[in-house]
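Reading the structure
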Amino acid sequence: MVYLLIDLDNTLLRTNVLLELICLSFSELLIQLFKIKSFNPSQIKRKLATCTDLDITTLPYNSEVIQYIQDWKAKGAKVALITATHQLAAERIAAHLGLFDEVYGSDGQLNLKGENKARFILERFGEKNVIYMGNSEADLPVWAVVAKAITVNASPRLRQKVEQINPNVEHLGSAKQSIQPYFKEIRPHQWVKNVLVFVPMLAAHQFNLSTFWIALVAAIAFSLTASSVYVLNDLLDLQADRAHPRKRHRPFAAGDIPLSHGIWLILILLGGGVAIATTISWSFLSILLAYYGLTTAYSFYLKRRMIIDICVLAGLYTIRIFAGAVATGISLSVWLLAFSIFFFFCLATVKRQAELVDYYHRKQLKASGRGYHVDDLPIISMMAIGAGYVSILVLALYINSPQVQLLYTNPQVLWGICCVLLYWITRTIMLTHRGLMHYDPIVYAIKDRQSQICFLICLVCFILGGVL
């Protein structure tokens, strides 16, 4: 009888179950670990497996491995899942797939990995007619004692090592790592939000090279820091993202990037942002760190709090403007701050409105990972409309203020901006109501032709108002 033994992490799955469980329960992890008397890996795995609710139906399974298993079962081979993951999680996954004759995992006493796994296989299956499929250097002791070795997405270095200890070897999957998923994960299209650091320079009409350069460096620092938060947020939102029709294609949710690489991405991006910020001023660095702290709190907790999440999102936009003022040494006007608060509160509310409309169309009553119900849609829509219109009112009052006469030669032209914003905000909320809005209104506006035209009209009004 031929036995085909399959590893779980990064082999049958395109992810690591232990890291999935850690990401899923990270906010409670320290408390749970505190209750464990020792840091035995098997005990930790058991604690995580029993205290979290991992949705195994949405995990990224390796279709090539599943097809390989089905082909061997058709030939009459017995298939066993043997993994260092805890037995409880392994059994749930095996039951979901219905492909395995036997399931073996860590049990709280024995960590079924490396030499332990090799000894277990020899005792249970022997050496003859045993095929083992794995993906890491921890599997080398196993490949050394089985009849045939199969690697999955192994690096060239690992493939060479396996070939040296077992001449009967087969390689599945590509050994090449593409940079594209990493580039997609840091979301460079979101960096457009950081042009807000240029707003103080534009509002004060300080058009000179040195001010522009400082604002550009500040925008780069914010971009890197924001990307580190996106990575953190995606790690914490794995399960919710996989349940979403669009977000399930994000690199971590789809298994295109190993979860273990997430921490390195966070540290590299955050370190780069902080290093660049120190070249501007310590005050700017303090604001950047405050931004990071607030976004981190949002990722862990605040995004689940009704209304507070919208206020935080609006505040994160306004912080960028404030940071631009600190970096360039330009004083902010009360008018600009008031406009920013209401305008960005409108955009943050539209983002929540878009999510709720999406849940409504998918016939889900509650937003996953959020503090809202679909029944809240009418109130959310009114909040977006009210905040948007108030921001236009603030702009209108500013145009009639004495300060405008000092900065613009033709301030009456600026009324055109009010009219355009009135149209754009109303249209944006209508499109969101109809389910046509991207989950991020700013990203949608960048790609939308009419939004681009509105921006150009506002820019022309700004110039004709006498800014140049």
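Above this text you will find the structure in question.
First, a word on what this report is: a plain description of the structure on this page. The structure presented is a predicted model; accordingly, all values stated were derived computationally and were not measured. Each chain has its residues counted from 1, following the order in which its sequence is written. Where totals are concerned, whole chains, interfaces and linings use all residues; where local detail is concerned, this predicted model gives features only for residues with pLDDT of at least 70, and gives and counts side-chain atom pairs only at 80 or more. By convention in this description, side-chain values take in all heavy atoms of the structure and omit both hydrogens and water.

**Brief notes about the pattern of salt bridges**
- Think of a salt bridge as a Lys or Arg side-chain nitrogen and an Asp or Glu carboxyl oxygen that are within 4 Å of each other. This structure, assessed with the given rule, holds 17 salt bridges.
- A salt bridge links Asp256 to Arg14; the shortest N-O distance between them is 2.9 Å. Residue Asp256 is located in the loop between α14 (251–254) and α15 (260–278), and its partner Arg14 is located in the loop between α1 (8–12) and α2 (17–24); the two are separated by 242 residues in the primary sequence.
- Here Glu170 makes a salt bridge to Lys148, at a shortest N to O gap of 2.9 Å. Of this pair, Glu170 sits in strand β6 (residues 169–172) while Lys148 sits in strand β5 (residues 148–152), placing them 22 residues apart in sequence.
- The network of salt bridges with shared partners includes Arg187, Asp234, Asp241 and Arg250. Secondary structure follows DSSP: runs of H or I at least 4 residues long count as helices, runs of E at least 2 residues long count as strands, and numbering of each begins at the N terminus.

**Section: the packing of aromatic side chains**
- Pairing of aromatic side chains here covers Phe, Tyr and the six-membered ring of Trp, requires ring centres within 6.5 Å, and sorts the geometry by plane angle: under 30 degrees stacked, over 60 edge-to-face, intermediate tilted. Under the definition given, this model contains 14 aromatic pairs.
- Ring centres of Trp335 and Tyr398 lie 6.1 Å apart, and the angle between their planes is 55°; on these two criteria the pair is classed as tilted. Separated by 63 residues along the polypeptide, Trp335 in helix α18 (residues 334–361) and Tyr398 in helix α19 (residues 377–399) bring together distant segments of the chain.
- Among the residues examined, Tyr398 registers a relative accessible area of 16% and is labelled buried.
- For the ring pair Phe343 and Phe344, a centre distance of 5.5 Å and an interplane angle of 70° mean the geometry is edge-to-face. In terms of burial, Phe343 and Phe344 fall into one category: buried.
- A connected cluster of aromatic rings, assembled from ring pairs, spans Tyr317, Phe339, Phe343, Phe344 and Trp424.
- Cation over ring: Lys75 sits above Trp72, and NZ or CZ is 5.0 Å from the ring centre.
- Counted as over-ring charges are cases with an Arg CZ or a Lys NZ within 6 Å of the ring centre that also lie within 35 degrees of the ring normal. Note that Arg124 overlies the ring of Phe125, its terminal NZ or CZ placed 4.8 Å from the centroid. Buried residues are those whose accessible area, probed at 1.4 Å on protein chains only, stays under 20% of the maximum for their type, while exposed residues exceed 50% and partly exposed ones sit between those limits.

**Description of the environment of His171**
- Among the secondary structure elements, His171 is positioned in strand β6.
- Taking the C-alpha atoms as reference points, His171 and Asn153, 18 residues apart in sequence, are found 7.6 Å from one another.
- Sequence-distant contacts of His171, defined by excluding residues within four places in its chain, comprise Thr151, Arg159 and Glu163.
- We call two N or O atoms a polar contact when they sit within 3.5 Å, provided that within protein one can donate a hydrogen and the other can accept it, with sequence-adjacent residues counted only if both atoms are side-chain atoms. A distance of 2.7 Å separates polar atoms of two side chains, one belonging to His171 and the other to Thr151.
- A polar atom in the side chain of His171 sits 2.9 Å from the side chain of Glu163. By definition in these notes, contact holds between two residues if any of their heavy atoms fall within 4.5 Å.

**Regarding helix α9 (residues 156–165)**
- Within the span of α9, buried status applies to Leu158, Arg159 and Val162. Down the axis of α9, the smallest arc covering the buried residues is 100°, so these residues share one side. Exposed and oriented more than 90 degrees from the buried face of α9 are Pro156, Arg157 and Gln164. As used here, the arc belongs to the directions running from the helix axis to the C-beta atoms.

**Side note on unusual backbone geometry**
- We note that Arg187 has phi near 55°; this positive angle belongs to a residue other than glycine.
- Tracing the sequence through the fold places Arg187 in the loop between α10 (180–185) and α11 (199–203).
- By relative accessible area, Arg187 is classed as buried at 9%.
- Not every positive phi belongs to a glycine, and His205 is a case in point at roughly 60°.
- Within the secondary structure, His205 is located in the loop between α11 and α12 (209–236).

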